[in-house]
Amino acid sequence: QVQLVESGGGLVQAGGSLRLSCAASGRTFSSYAMGWFRQAPGKEREFVAAIRWSGGSTYYTDSVKGRFTISRDNAKNTVYLQMNSLKPEDTAVYYCAATNSLGDYEYWGQGTQVTVSS
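Nothing here was measured: the structure is a model prediction, and the numbers come from that model.

### Considering the pattern of salt bridges
Side chains carrying opposite charge are able to pair once their charged atoms draw close together.
Moving on, step 1. If you walk through the whole model with that rule in mind, you get four salt bridges.
Moving on, step 2. D90 is the salt-bridge partner of R38, the closest N and O atoms lying 3.0 Å from each other. Of this pair, R38 sits in strand β4 (residues 33–39) while D90 is found in the loop between β8 (78–83) and β9 (92–99), placing the two residues 52 residues apart along the sequence.
Moving on, step 3. Through salt bridges with shared partners, a single network forms among R38, E46, R67 and D90.

### With respect to the nonpolar core
Moving on, step 1. Residues L4, M34, W36, L81, M83 and Y94 are the most contacted members of the largest nonpolar core, which totals 28 residues.
Moving on, step 2. Looking at this core, the elements that each hand over two or more residues are β1 (2–7), β3 (18–26), β4, β5 (46–52), β7 (68–73), β8, β9 and β11 (112–117).
Moving on, step 3. Excluding anything up to four places from it in sequence, M83 contacts G16, S17, L18, L20, R67, F68, Y94 and V114.

### Some words on the sheet that holds β7
Moving on, step 1. On the basis of which strands lie adjacent, the open sheet formed by four strands has the order β1-β3-β8-β7 and antiparallel pairing. Single-partner strands in this sheet number two, and they are β1 and β7. Ignoring which end each strand starts from, the neighbouring axes of this sheet average 15° apart.
Moving on, step 2. The sheet contact formed by β3 and β8 spans six bridges and is antiparallel. Bridging across to β8, L18 finds its partner in M83.

### Describing the packing of aromatic side chains
Moving on, step 1. Scanning the entire structure with this criterion turns up four aromatic pairs.
Moving on, step 2. Ring centres of F37 and Y105 lie 5.0 Å apart, and the angle between their planes is 80°; on these two criteria the pair is classed as edge-to-face. Of the two residues, F37 sits in strand β4 while Y105 sits in strand β10 (residues 105–108), which places them 68 residues apart along the sequence.
Moving on, step 3. F37 gets classed as buried once you look at its relative accessible area, which sits at 10%.
Moving on, step 4. By the ring-pair criterion, three or more aromatic residues cluster together here, those being F37, F47, Y105 and W108.
Moving on, step 5. Its guanidinium or amino end placed over the ring of Y95, R45 lies 5.5 Å from that ring's centre, counting from NZ or CZ.
Moving on, step 6. Between R45 and the ring centre of W108, over which it is positioned, the NZ or CZ distance is 3.9 Å.

About the thresholds
- Chains are numbered independently. Their residues run from 1 in the order of the written sequence.
- At least 70 in pLDDT is required for a residue's local features to be given in this predicted model, at least 80 for side-chain atom pairs to be given and counted, and no such filter applies to totals for whole chains, interfaces and linings, which use all residues.
- Just so you know, side-chain values use all the structure's heavy atoms and leave hydrogens and water out.
- Every case where a carboxyl oxygen of Asp or Glu lies within 4 Å of a side-chain nitrogen of Lys or Arg is listed as a salt bridge.
- Counting from the N terminus, the helices are DSSP H or I runs at least four residues long and the strands are E runs at least two residues long.
- In this description, a nonpolar core means a group of buried Ala, Val, Leu, Ile, Met, Phe, Trp, Tyr and Cys residues linked to one another through side-chain atoms lying within 4.5 Å.
- Residue exposure (1.4 Å probe, protein chains only): buried if accessible area is under 20% of the type maximum, exposed if over 50%, otherwise partly exposed.
- When checking whether two residues touch, look at their non-hydrogen atoms; a contact exists if any pair is within 4.5 Å.
- Strands pair, by our definition, only if DSSP identifies at least two bridges between them.
- Axes here mean lines fitted to C-alpha atoms, for a helix over just the part in contact, with angles spanning 0 to 180 degrees between N-to-C directions.
- In this analysis, rings of Phe, Tyr and Trp, with Trp reduced to its six-membered ring, are considered paired at centre separations within 6.5 Å, and the interplanar angle assigns stacked below 30 degrees, edge-to-face beyond 60, and tilted for intermediate values.
- For a lysine, the NZ atom is tested; for an arginine, the CZ atom; a charge sits over a ring if that atom is within 6 Å of the ring centre and within 35 degrees of the ring normal.

Structure below.
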């Protein structure tokens, strides 16, 4: 099992920045990658960004490229999502997720609210 705890959400004005953190514990060595997802009211959960534990390859959805940066600290088993130039449409609950050894997202955090005011 892998346990995930997110932090760093909040209220920010458009154009501002926030950094989300996700601390992982448990059988983290069994995880292949970590990702961030988000779900806005009335919408389905969508992929935002991901990073591999080994090698550090990163992946982003098109709408956040150039604005968001995912990074990791392997020593702390922590993944970060730096969000810059935030827009009202970035408002959502952001979830951290970890894959199993097969690469399927199996473990999820409780979510953290990000609200961007116009």
